[in-house]
Structure formats: C-alpha cells, structure tokens
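The primary structure of each chain is shown beneath.
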There are 2 protein chains.
Amino acid sequence: MQPARRLYRRESEESRRTALISATQELVAEGGPEAATVRAIAERAGVTPGLIRHYFQSKDELTRAAYRALMDGMTAKGSDAIEGVGAGPEERLAAFIAASLRPPVLDAGAVVLWAGYMHKVRSDPDLMAVHEAAYLAYRDTLQRLIETLPRTVLPGQTRAEAIACNALIDGLWVEGSLLPATFAPGEVITIGLSSVSAILGVNLLEHTAMLPDFGKTTP
Amino acid sequence: MQPARRLYRRESEESRRTALISATQELVAEGGPEAATVRAIAERAGVTPGLIRHYFQSKDELTRAAYRALMDGMTAKGSDAIEGVGAGPEERLAAFIAASLRPPVLDAGAVVLWAGYMHKVRSDPDLMAVHEAAYLAYRDTLQRLIETLPRTVLPGQTRAEAIACNALIDGLWVEGSLLPATFAPGEVITIGLSSVSAILGVNLLEHTAMLPDFGKTTP
DNA sequence: CCGTTTGTTATACGCATGTATAATCGTGCG
DNA sequence: CGCACGATTATACATGCGTATAACAAACGG
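Since the structure is predicted, the reported quantities are computational estimates derived from the model, not experimental observations.

As for the domain arrangement of chain A
Residues and elements named next belong to chain A. Taken as a whole, chain A is organised into domain 1 (10-56) and domain 2 (63-207). For domain 1 and domain 2, the distance between their C-alpha centroids amounts to 28 Å. Linking domain 1 with domain 2 are zero salt bridges. There are one residue pair in polar contact (both at pLDDT 80 or more) connecting domain 1 and domain 2.

Side note on the protein's contact with DNA strand C
If you check the shell around DNA strand C, you find 23 residues, and the closest are Arg10, Arg16 and Tyr55 of chain A together with Arg10 and Lys59 of chain B. Here DNA strand C approaches the protein such that, of its atoms within 4 Å, sugar and phosphate make up 66%. One nitrogen or oxygen atom from the side chain of Arg5 of chain A is found 2.8 Å from a base oxygen belonging to DNA strand C. Residue Glu11 of chain A places a main-chain N or O atom 2.7 Å away from a phosphate oxygen belonging to DNA strand C. Contributions of two or more residues to the surface near DNA strand C are made by helix 3 (52-55) of chain A together with helix 2 (38-45) of chain B. When grouped by side-chain class, the residues that make up the surface near DNA strand C number seven nonpolar, five polar and 11 charged.

Details of the protein's contact with DNA strand D
In the vicinity of DNA strand D lie 22 residues, with Arg53 and Lys59 of chain A together with Arg10, Arg16 and Tyr55 of chain B positioned nearest. Side-chain polar atom of Arg53 of chain A to a phosphate oxygen of DNA strand D: 2.6 Å apart, as the coordinates give it. The side chain of Arg16 of chain B places a nitrogen or oxygen atom 2.4 Å from a phosphate oxygen of DNA strand D. Elements with a contribution of two residues or more to the surface near DNA strand D: helix 2 (38-45) of chain A together with helix 3 (52-55) of chain B. Residue composition of the surface near DNA strand D, grouped by class: six nonpolar, five polar and 11 charged.

Remarks on the interface of chain A and chain B
At the junction of the two partners, chain A supplies 43 residues and chain B supplies 43 residues. Interface area for chain A against chain B, summed over the two sides, is near 3,500 Å², with a carbon-plus-sulfur share of 68%. It is His119, Arg122 and Leu179 of chain A that lose the most area in chain A upon contact with chain B, and together they represent 17% of the buried surface on that side. Counting across the chain A and chain B interface gives four salt bridges. A salt bridge links Lys120 of chain A to Glu34 of chain B, with the shortest nitrogen-to-oxygen separation between them at 3.3 Å. Put simply, chain A and chain B have 10 residue pairs in polar contact (both at pLDDT 80 or more) between them. For the side of chain A that touches chain B, the secondary structure elements donating two or more residues are helix 1 (13-31), helix 6 (108-116), helix 7 (118-123), helix 8 (125-147), helix 9 (157-178) and helix 10 (187-200) of chain A. Per element, the largest residue contribution to the side of chain A that touches chain B is 13 residues, and it comes from helix 9 of chain A. Classifying every residue of the side of chain A that touches chain B gives 24 nonpolar, nine polar and 10 charged.

Describing the nonpolar core
As a rule of thumb, soluble globular proteins bury nonpolar side chains together. Core analysis: the largest hydrophobic core is formed by 145 residues, its most contacted members being Trp114 of chain A together with Trp114 of chain B. The contact partners of Trp114 of chain A, leaving out residues within four places of it in the chain, are Leu70, Met71, Trp173 and Val174 of chain A together with Trp114 and Val174 of chain B.

Quick notes on the environment of Thr37 of chain B
Secondary-structure assignment places Thr37 of chain B in the loop between helix 1 (13-31) and helix 2. Sequence separation of Thr37 of chain B and Pro89 of chain B is 52 residues, and the distance between their C-alpha atoms is 46 Å.

Focus: the pattern of salt bridges
Residue and element names in this part refer to chain A. In the structure shown here, the tally under the stated rule is 21 salt bridges over all chains. Put simply, Glu13 and Arg17 hold a salt bridge, and the shortest N to O gap is 3.3 Å. Here the residue Glu13 and the residue Arg17 both occupy positions in helix 1, the gap between them amounting to four residues, near one helical turn. A salt bridge links Asp126 to Arg64; its shortest N-O distance comes to 4.0 Å. With Asp126 in helix 8 and Arg64 in helix 4 (residues 59-81), this pair connects stretches of sequence that are 62 residues apart.

A word on the relation of the copies chain A and chain B
Mapping chain A onto chain B calls for a rotation angle of 180° and an axial translation of 0.0 Å; the resulting RMSD is 0.1 Å. Taken together, the rotation angle and the small translation identify this as a two-fold axis. Of the residues that chain A buries at the interface, 100% are likewise interface residues in chain B, meaning the two copies contact each other through the same surface.

Quick word on the packing of aromatic side chains
Each aromatic ring pair is summarised here by two numbers: the centre-to-centre distance and the angle between the ring planes. Summed over the entire model, instances satisfying the criterion amount to six aromatic pairs over all chains. Seen in terms of ring centroids, Tyr67 of chain A and Tyr117 of chain A are 5.3 Å apart; in terms of plane orientation they differ by 65°. Their pairing is edge-to-face. With a gap of 50 residues between them, Tyr67 of chain A in helix 4 and Tyr117 of chain A in the loop between helix 6 and helix 7 connect regions that are remote in the sequence. Take Tyr67 of chain A: its relative accessible area is 1%, and that puts it in the buried class. On the accessibility criterion, Tyr117 of chain A (3% relative accessible area) is buried. Geometrically, the ring pair formed by Trp114 of chain B and Trp173 of chain B is edge-to-face, given 5.3 Å between the ring centres and 75° between the ring planes. Residue Trp114 of chain B is located in helix 6 (residues 108-116), and its partner Trp173 of chain B is located in helix 9 (residues 157-178); the two are separated by 59 residues in the primary sequence. When sorted by exposure, Trp114 of chain B lands in the same class as Trp173 of chain B, which is buried.

Definitions and cut-offs
- Residues numbered from 1 in each chain as written.
- Chains lettered and ligands numbered in written order.
- Predicted model: local features only at pLDDT ≥ 70, side-chain atom pairs only at ≥ 80, totals over all residues.
- Heavy atoms only, no water.
- Domains from an automatic or database assignment.
- Salt bridge = Lys/Arg side-chain N within 4 Å of Asp/Glu carboxyl O.
- Polar contact = N/O pair within 3.5 Å; in protein donor to acceptor, adjacent residues only side chain to side chain.
- Near = heavy atom within 4 Å.
- Helix = DSSP H or I, 4+ residues; strand = E, 2+ residues; numbered from the N terminus.
- Nonpolar A, V, L, I, M, F, W, Y, C, P; charged D, E, K, R; others polar.
- Contact = heavy atoms within 4.5 Å.
- Buried area = accessible area lost by both parts, 1.4 Å probe.
- Core = buried A, V, L, I, M, F, W, Y, C linked by side-chain atoms within 4.5 Å.
- Buried < 20%, exposed > 50% of the residue type's maximum accessible area, 1.4 Å probe, protein only.
- Least-squares fit on C-alpha atoms with pLDDT ≥ 70 in both.
- Phe/Tyr/Trp six-rings, centres within 6.5 Å; stacked < 30°, edge-to-face > 60°.

Laid out in structure tokens, this is it:
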C-alpha cells in the first residue's frame, strides 16, 4: 500500500488563475517577495506546484499578473468610493480621499505588497507600464474631481494640485498603514481632508456627513 | 602548479563593515533584496563570502545593519540641509524640504532600497524600532521648523501639520524618484514648497533664493 | 459505458543560497 | 627575526528554489 495519489477536482481556468494570484498576493503581503515561492503559492492555493506552470509560463508571469491585479484592485476601490455618494463635488472628492485612507486600502499588507514589487517595477518595462498607467489613472481621477470644484483656477494649476494631493494621500497611506498605533482612529483621514482642503483652498471637512466611520473623531 | 590562493590585505573592522554594508545597499538598490546574496555582497565588497560571517553573526544581521545605515544617512541629509543656511525660519524650512526632494535623496535606488526592506521592518521588531525612530525624528525636525514660523497656532495644530507635510514630502519623494520623466526638472520641489506653504499658511517660494539648482524653473 | 482529452499530480534535475568548518597567510608583538 | 594570533580564504554541506517531464485520473462526448 503506497501513499495514495492526491484527489482533486478540475476547475475553471479563471478560478485557478485567481486563486494562484490571490495566494501570491497574500504571501508577499505577509512575508515579502521571498516568501512567495512556487511551493508556498501552490499550497496556499490548494494545488501542487506543477500546476502553476500550467497556467503561467513562468513564475515571473504569475508575479506580473499579481501586480496587475493589485493595481487594478486599488484603483477600482477609489472608483467605487465616488459611485454612490451625492453629486456635490466636495462630497465626491472627500469620499474619494477617505476611501484611500481607510481599510482595506489602508493596510500594512497592501503597502508591503506594493513595496515588494517596486524593484521589479523598475527593471521590468511591462510592470513599469502597469505602474505608470495606474498612477496616472489615479491622479487623473483626482484631477478631474478637483476641476469640478467651484473655483476659478489658473491654467496648469490643477495638474500641480493633483500631483500634490496624490503625493499627500500616498504618504499618508504608507505611514498610516505602517505605523497605525501612531495615529488616533480617523486621524489620518482628518489630516488628509484638511490638508487637501488647504492645498485647494476649499473646505472638505464640511462635507463629510455621508462618510462611513467618520464624524466621531472630528469635533 | 595549482590555482594560487587569493592575496589579500588585512583591514580595520570598521572599513570592512562599511564596505559590506555599502555593497549590500548598492545591490538591493540595483536589483532588489533578492540580488543581495552573500556571494554577490562579498564580491562587491572585494572579499570572499566567508568573511561576512566573521563580521556579522548572520546575513540577517548584515541586513539590519544596512537598514540602520540607510535610515541614519537619510535623516543626516536632512539635518545637513538646515545647517548652513540663513537664520530665517522660512529659509530653513524651505531648504529642508528641497533637500529631501533632490538627489541624492530623490533617487530611484534609494526608494527601491527603502521599499525592499519594508516587509522586514514589519516582521522584525528591531528594524521596526529603527524605522519608527527615523520616521519620528524626521517628523520632529519638521515640526520644530514649523513651530519657529511667525504664526499664531492652535494647540495640537503643528503635530497634524507636521504629519501632513511629512506625508506630502514622502509621496513626492517616491513618485519623483520612480517616475522622474513625468515631471519637469525642479517641478517636484516647486510643488512641495507651494503645497507645504498652503498647508501652513505661509509662502516658502519667496524664500528660495539661497537654494542650489532652483529659481530657474519657478517664474 | 468506454475512450479521449487535458487538467492535475508526482518525481527528478540542476543550480543558487546561507551556513559551517578547516586551511592558510598577513601582521603585530616580543 | 620568528612566532603566534586571527583576519581571510577555501571547501564542503544541506536545503530550497524554479523548472522540466512523465504518469495519472477527472470529466466530457460518443
């Protein structure tokens, strides 16, 4: 009696690919890129290592797919945030910012995941293109929201403002995720909203009534 | 005649340690953490792999030392920037910000290096302490510079402002380093100074006369 | 209900990694 | 000048990695 061969079920290509991609993301988020080995990914996804090469030409291709999925997911979260809320420009901008500074976007695992891919982004032109597209898409959404604000602006002004707000949000995202104990609950969102308000010359804190998990920490 | 044993010179402990640390940093900056193998580090430092274990108990200890050196170096750059310049609070703050958004601090290698250590920072309490100390030191310097500005402030205001300015600078640092082609020369510094000005309610762009490599891109 | 297809597992290979230990030789001290 | 210490090199080892390939079995069509 030899060790029985492992039982399995056939699944759709899509479900297997997403399972492998999710497993990769989880492992990188937990233990950095070096923890995402072929064997660990397979175990997490509930398959054996060989199957990875059946769905991805190489581990590098799986890596690229996981990065693409990460970036798509994060930009999607931002778009979702401005879907439901009321039509006021300030409301929409405030919701967009708050969504980026709250879980699940504000999350140490997400930051580690993002950081773990950074050097691959720089060396792989394909990943660089994905990164640039996601970054510019986010910044573009931000800029469009800024342009809808009731203000009179100089030409070229909103571009610089969008860059600044994007950088501010990114920085708060990293630090709020990495050192959550350093901030009071909701403090990161409050700081983000008031700082963006200062940069743009508006008052977003007056338009936070509809935001979930907010209002209790701001006087 | 067998292959001659490699000639060598004895060197001080300090020079060997710094050589190994620098080699580690260079390799991580160039190719990510996975490129910094024991053999590659030794070759870059001009020694053989075994010597690493003579000066560091393990590769992990060398890694920790390299991260500490990175953080110390980056905070030192900021302190240097406010040493020479004139006594005006605005000048000093402007110089501090500009120094963080200009090479050698603004550099893709530095960002990749910083990002490459991120997951180790989260999992290793020792590195976490180093990170937190460096982050808070930087923020503290920033807050002290902000407090010297001629303004009347509410209690607790400067803390939030320091967090915001720190996040803004960090975000510009990352994006300016990773996508330098996206920005006009000096644009990152200009945006940083004008945004911090807006957040703090001052005008730093009027106090950039003494900044090197500046003034030509701002009207 | 059988045969074919192909998703999935199992096994093996070559290589690189971090570490341990022994051999060597540069160097400061007596 | 010689000798002993230890900084440095050399070699070896176990392990884990990504990859290649063959064997197997689950599901579907006939």
